[in-house]
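In case you want the letters, here they are:
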Amino acid sequence: MAFLKFKHIFALASHFSPHCPTQIAAGLEHGFIQTRLVVSQNLVKMATTLIGARTPWMRIRIIPEVAPPSIFRQRRSFSISATAEKEDKKQVRVRFAPSPTGNLHVGGARTALFNYLFARSKAGKFVLRIEDTDLERSTRESEEAVLRDLSWLGLDWDEGPGVGGEYGPYRQSERNSLYKQHAQKLLDSGYVYRCFCSNQELEKMKEIAKLNQLPPVYSGKWATATDEEVQEEVEKGTPYTYRFRVPKEGSLKINDLIRGEVSWNLDTLGDFVIMRSNGQPVYNFCVTVDDATMAISHVIRAEEHLPNTLRQALIYKALGFPMPSFAHVSLILAPDRSKLSKRHGATSVGQFREMGYLPQAMVNYLALLGWGDGTENEFFTLEQLVEKFSIGRVNKSGAIFDSTKLRWMNGQHLRALPSEELTKLIGERWKSTSILTESEGTFIQEAVQLLKDGIDLITDADKALSNLLSYPLEATLKSPEAKPVLEDKLSEFSADLIAAYDSGELLGALEEGHAGWQKWVKNFGKSLKRKGKSLFMPLRVLLTGKLHGPDMGASVLLLHRAETCGGVAPEAGFVTLNERFKMLRQLDWEALIKDQPPLESAAAILN
């Protein structure tokens with residue numbers, strides 16, 4: 001305790017607040033014999049310097065000044081409204097702070113995206129900070145993977161690893177001296193105290209609280225220890241943590257930009273640790289110091305961090321830092337509305353990249369998980385998202401991750417690419433997977449244009465081209481779906497088609513391109529007195545070996561080009577037109593018809 005004469009208290013209080021003298025006088029008028037004045041130890045030191053410590057008259061009790069309370073309060077309570085400064089008074093600075101303990105999850109990627117979009121839409125700064133205080137699990141490989149995934153998504157950061165900036169360093173493991181400096185500041189000012197409780201003692205406190213049906217909060221054993229008691233433990237070398245003094249009563253209220261007003265009662269918290277006994281800072285302390293010293297104006301993060309806001313707000317106030325605005329984004333849920341996890345399939349950005357997804361499709365889809373521009377439009381480029389994005393339109397309810405819709409959206413973005421870019425992308429894919437020996441040329445250009453509508457992922461291109469080059473005729477003819485075609489005199493149709501090929505008539509038409517093919521088909525149909533489905537279905541089956549597929553004329557022309565121009569790898573399983581007609585000549589039509597189960601009028605089904 002420090003004891004000061006009233007006239008000195010009056011003068012000293014005037015130095016710090018013009019309202020203090022009036023409040024003190026009012027307290028004396030109402031009969032208060034002992035006045036509790038909330039001051040910092042710096043105030044006591046100044047008072048001691050001014051008047052000396054041996055002139056007792058009025059007692060001042062030093063307690064943590066987390067929020068400036070009224071000097072004469074009938075109950076010890078605490079109330080704070082964590083509302084940040086108005087946005088137009090400060091530059092927007094947001095941060096994405098991943099832990100390098102694994103791959104970048106789609107939830108983390110969406111958080112990074114929302115931060116990026118908010119910063120770019122406000123002409124602000126997007127900061128990347130690596131939270132690697134978990135020394136056992138953090139690896140540089142994971143950090144590099146996260147940076148690679150963010151770069152792939154196109155979310156370039158203004159400050160951070162590899163870029164630098166005036167608020168660095170940007171790895172928590174390189175900021176320990178800063179944390180220790182601020183922890184000491186809190187210790188010196190009385191907001192923090194040393195706690196020498198062993199793990200066994202702490203566990204016993206939890207058990208007692210559980211038996212009494214109370215929250216498992218720290219009992220405050222060392223909160224009131226004397227300097228002598230503390231010094232005795234220090235000299236013995238007893239390990240200790242730094243605990244933050246939490247007011248016993250009161251509440252905290254924040255205005256979340258997504259969730260609106262959120263409040264907590266302080267009596268459920270208890271004094272919490274900010275520095276471990278090994279000298280390592282605790283997550284909530286690091287985050288607060290980092291955000292404050294990096295001048296972060298808006299903290300946009302996942303809703304699972306919402307409970308952390310209570311501890312962080314107390315630390316902000318104790319250190320005298322301005323409070324940022326908070327926005328807590330909903331979780332990404334699986335179709336069964338549980339938290340999205342590995343058991344639901346791919347969950348990391350790297351996995352989706354390897355599966356053939358485009359970065360622009362991932363960005364578009366992630367943006368729609370909890371946000372929309374208020375229209376029916378679902379197709380956005382990154383530039384359009386920057387223009388349209390508003391944190392006020394982010395939904396606070398959980399968003400369902402639909403892999404089917406993501407695939408569809410990827411197809412939309414794939415087909416929206418410029419023709420040259422799409423052809424290059426797919427051509428390189430075909431060469432890398434050893435389907436083709438070249439990655440460019442007329443055949444590739446025509447193949448991409450023919451097959452692109454059936455390609456949602458780049459990896460789909462392999463199956464699409466392999467399917468075109470294959471000739472599963474026997475399997476098709478033995479299928480129930482082929483029975484109407486087979487029974488519509490397909491053997492006779494095949495004989496006429498073979499004759500047209502052997503005469504060179506069909507090959508001559510293919511040499512002339514699309515116009516030559518159309519002319520030949522028309523004349524061939526007239527000679528057989530067939531048209532429509534009764535002409536085109538048997539033609540498709542006999543030439544492609546399939547009942548369904550892309551445009552038949554373009555498919556046959558491509559097969560002819562592949563045969564004459566080369567470029568198809570030997571291991572691709574390509575069956576040339578010449579080989580197809582050899583197979584047609586060897587077919588046992590009677591056996592095929594016999595093996596088919598009976599079916600009602602095939603001709604009626606065809607027509």
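These figures come from a predicted structure and were not determined experimentally. (Residues numbered from 1 in each chain as written. Predicted model: local features only at pLDDT ≥ 70, side-chain atom pairs only at ≥ 80, totals over all residues. Heavy atoms only, no water.)

### A look at helix α14 (residues 403–416)
Okay, so step 1: Relative to the 20 Å expected for 14 residues at 1.5 Å per residue, α14 spans 20 Å between its end C-alpha atoms, a close match to the ideal helical length.
Okay, so step 2: When α14 is considered as a whole, its buried residues turn out to be Leu406, Met409, Asn410, Gly411, His413 and Leu414.
Okay, so step 3: Those residues of α14 that are buried are in contact with α11 (349–354), α12 (359–367) and α15 (419–432).
Okay, so step 4: The opening residue of α14 is Asp402, an N-cap whose side-chain oxygen sits 3.0 Å from the backbone nitrogen of Thr404. (Helix = DSSP H or I, 4+ residues; strand = E, 2+ residues; numbered from the N terminus. Expected span 1.5 Å × (residues − 1). Buried < 20%, exposed > 50% of the residue type's maximum accessible area, 1.4 Å probe, protein only. Contact = heavy atoms within 4.5 Å. Polar contact = N/O pair within 3.5 Å; in protein donor to acceptor, adjacent residues only side chain to side chain.)

### Quick notes on the pairing of strand β8 (residues 251–256)
Okay, so step 1: Side chains Leu252, Ile254 and Asp256 project from β8 onto a buried face, and the interleaved Ser251, Lys253 and Asn255 project onto a face without burial.
Okay, so step 2: Here six bridges tie β8 to strand β9 (residues 260–265), and the two strands are oriented antiparallel to one another. For Leu252, the partnering residue across the bridge sits in β9 and is Trp264.
Okay, so step 3: Between the end of β8 and the start of β9, which pair antiparallel, lie three residues. (Pairing = 2+ DSSP bridges.)

### A short note on the nonpolar core
Okay, so step 1: By size, the foremost hydrophobic cluster in this structure holds 64 residues, and its most contacted members are Trp430, Trp520 and Leu539.
Okay, so step 2: Each residue touching Trp520, except ones within four places of it in the same chain, is listed here: Leu497, Ala500, Glu505, Leu506, Ala509 and Leu539.
Okay, so step 3: Counting 51 residues, the second-largest nonpolar core is a separate cluster that includes Leu128, Leu147, Ala334 and Val386. (Core = buried A, V, L, I, M, F, W, Y, C linked by side-chain atoms within 4.5 Å.)

### Looking at the confidence of the model for the protein chain
Segments scoring low in pLDDT should not have their predicted coordinates read at a detailed level.
Okay, so step 1: Considering every residue of the protein chain, the mean pLDDT works out to 84; 83% of them sit at 70 or more.
Okay, so step 2: Counted against residues more than four places away or in other chains, residues 1–77, with its pLDDT under 50, gives 97 contacts.
Okay, so step 3: Note that pLDDT drops below 50 for residues 599–607; the model gives that stretch 13 contacts with residues more than four away or on any other chain. (pLDDT = per-residue confidence, 0-100.)

### Brief notes about the environment of Leu358
Okay, so step 1: With respect to the element layout, Leu358 can be found in the loop between α11 and α12.
Okay, so step 2: Separated by 98 residues in sequence, Leu358 and Asp456 place their C-alpha atoms 10.0 Å apart.
Okay, so step 3: In this structure, Leu358 is in contact with Trp152, Asn410, His413, Leu414, Leu417 and Leu425, ignoring residues within four places of it in sequence.

### Quick notes on the sheet that holds strand β6 (residues 192–195)
Okay, so step 1: The sheet built from three strands is open, its strands ordered β6-β7-β10 with antiparallel pairing. Strand pairing shows two members of the sheet lacking a second neighbour, β6 and β10 (272–275), which therefore form its edges. Pairwise comparison of adjacent strand axes, ignoring direction, gives a mean angle of 45° for this sheet.
Okay, so step 2: Relative to β10, helix α10 (residues 308–319) is tilted by about 60°, and along the sheet it contacts β7 (241–244) and β10. (Axes fitted to C-alpha atoms, helices over the stretch in contact; angles between N-to-C directions.)

### Concerning the layout of surface pockets
Okay, so step 1: When its volume is computed, the second largest pocket comes out at roughly 1000 Å³.
Okay, so step 2: The wall of the second largest pocket is formed by 35 residues, among which Pro98, Ser99, His105, Gly108 and Glu304 lie closest to the centre.
Okay, so step 3: At the level of elements, β4 (93–96), α4 (106–121) and β11 (298–302) are the ones that each hand at least two residues to the lining of the second largest pocket.
Okay, so step 4: When residues of the lining of the second largest pocket are assigned to their parent elements, the largest contribution, four residues, is made by α4. (1 Å grid on protein atoms, 1.4 Å probe; cavity = no way out; pocket = protein on both sides within 12 Å on 5 of 7 lines; lining within 4 Å. Points joined across faces, edges and corners; volume = space filled by probe spheres on them.)

### Examining a negative patch on the surface
Okay, so step 1: A grouping of Asp227, Glu228, Glu229, Glu232 and Glu235 is seen on the molecular surface, where their side chains present a negatively charged patch.
Okay, so step 2: Tracing the backbone shows Glu229 in helix α8 (residues 227–236). (Patch = residues over 30% accessible without salt bridge, like charges linked within 9 Å, V, L, I, M, F, W, Y side chains within 5 Å. Areas by Shrake-Rupley, 256 points an atom, 1.4 Å probe, with all protein chains shown as cover. Salt bridge = Lys/Arg side-chain N within 4 Å of Asp/Glu carboxyl O. Lys, Arg positive; Asp, Glu negative; His and termini not counted. Charge placed at Lys NZ, Arg CZ, Asp CG, Glu CD.)

### Topic: the packing of aromatic side chains
Okay, so step 1: Applying the stated criterion to the full structure yields 15 aromatic pairs.
Okay, so step 2: Between Tyr116 and Phe126 the ring centres are 5.8 Å apart and the planes differ by 90°, which places this aromatic pair in the edge-to-face class. In this pair, Tyr116 is assigned in helix α4 and Phe126 in strand β5 (residues 125–128), connecting sequence segments 10 residues apart. We note that Tyr116, like Phe126, is buried.
Okay, so step 3: The interplanar angle of 45° and the centroid separation of 5.8 Å between the aromatic rings of Phe352 and Phe401 together place this pair among those described as tilted. Of the two residues, Phe352 sits in helix α11 while Phe401 sits in the loop between β14 (399–400) and α14, which places them 49 residues apart along the sequence. Accessibility assignment for this pair places Phe352 and Phe401 in one class, buried.
Okay, so step 4: One aromatic cluster is present, built from ring pairs that chain together Phe114, Trp371, Phe380 and Phe389.
Okay, so step 5: Between Arg353 and the ring centre of Trp152, over which it is positioned, the NZ or CZ distance is 5.9 Å. (Phe/Tyr/Trp six-rings, centres within 6.5 Å; stacked < 30°, edge-to-face > 60°. Lys NZ or Arg CZ within 6 Å of the ring centre and 35° of its normal.)

### Here's the deal with the pattern of salt bridges
Okay, so step 1: Per the stated rule, a full pass over the model turns up 30 salt bridges.
Okay, so step 2: The residue Lys206 makes a salt bridge to Glu203 at a minimum N-O spacing of 3.8 Å. Within this pair, Lys206 and its partner Glu203 are both found in helix α7 (residues 199–211), separated by three residues, close to a single helical turn.
Okay, so step 3: We classify Lys206 as partly exposed; its relative accessible area is 42%.
Okay, so step 4: The salt bridge involving Arg530 is made with Asp488; its shortest N-O contact spans 3.1 Å.

### With respect to the packing of helix α16 (residues 442–451) against helix α24 (residues 552–565)
Okay, so step 1: Contact geometry for α16 and α24: axes closest at 10 Å, N-to-C directions at 155°. It follows from the interaxial angle that α16 and α24 lie roughly antiparallel. Considering the relative orientation of α16 and α24, their crossing is left-handed. Contacts between α16 and α24 pair Thr442, Phe443, Glu446, Ala447 and Leu450 from the former with Ala554, Ser555, Leu558, Arg561 and Ala562 from the latter.
Okay, so step 2: Here the residues of the contact of α16 with α24 are counted per class, giving six nonpolar, two polar and two charged. (Parallel < 35°, antiparallel > 145°, perpendicular 65-115°, else oblique. Left-handed = near helix turned anticlockwise from the far one by under 90°. Nonpolar A, V, L, I, M, F, W, Y, C, P; charged D, E, K, R; others polar.)

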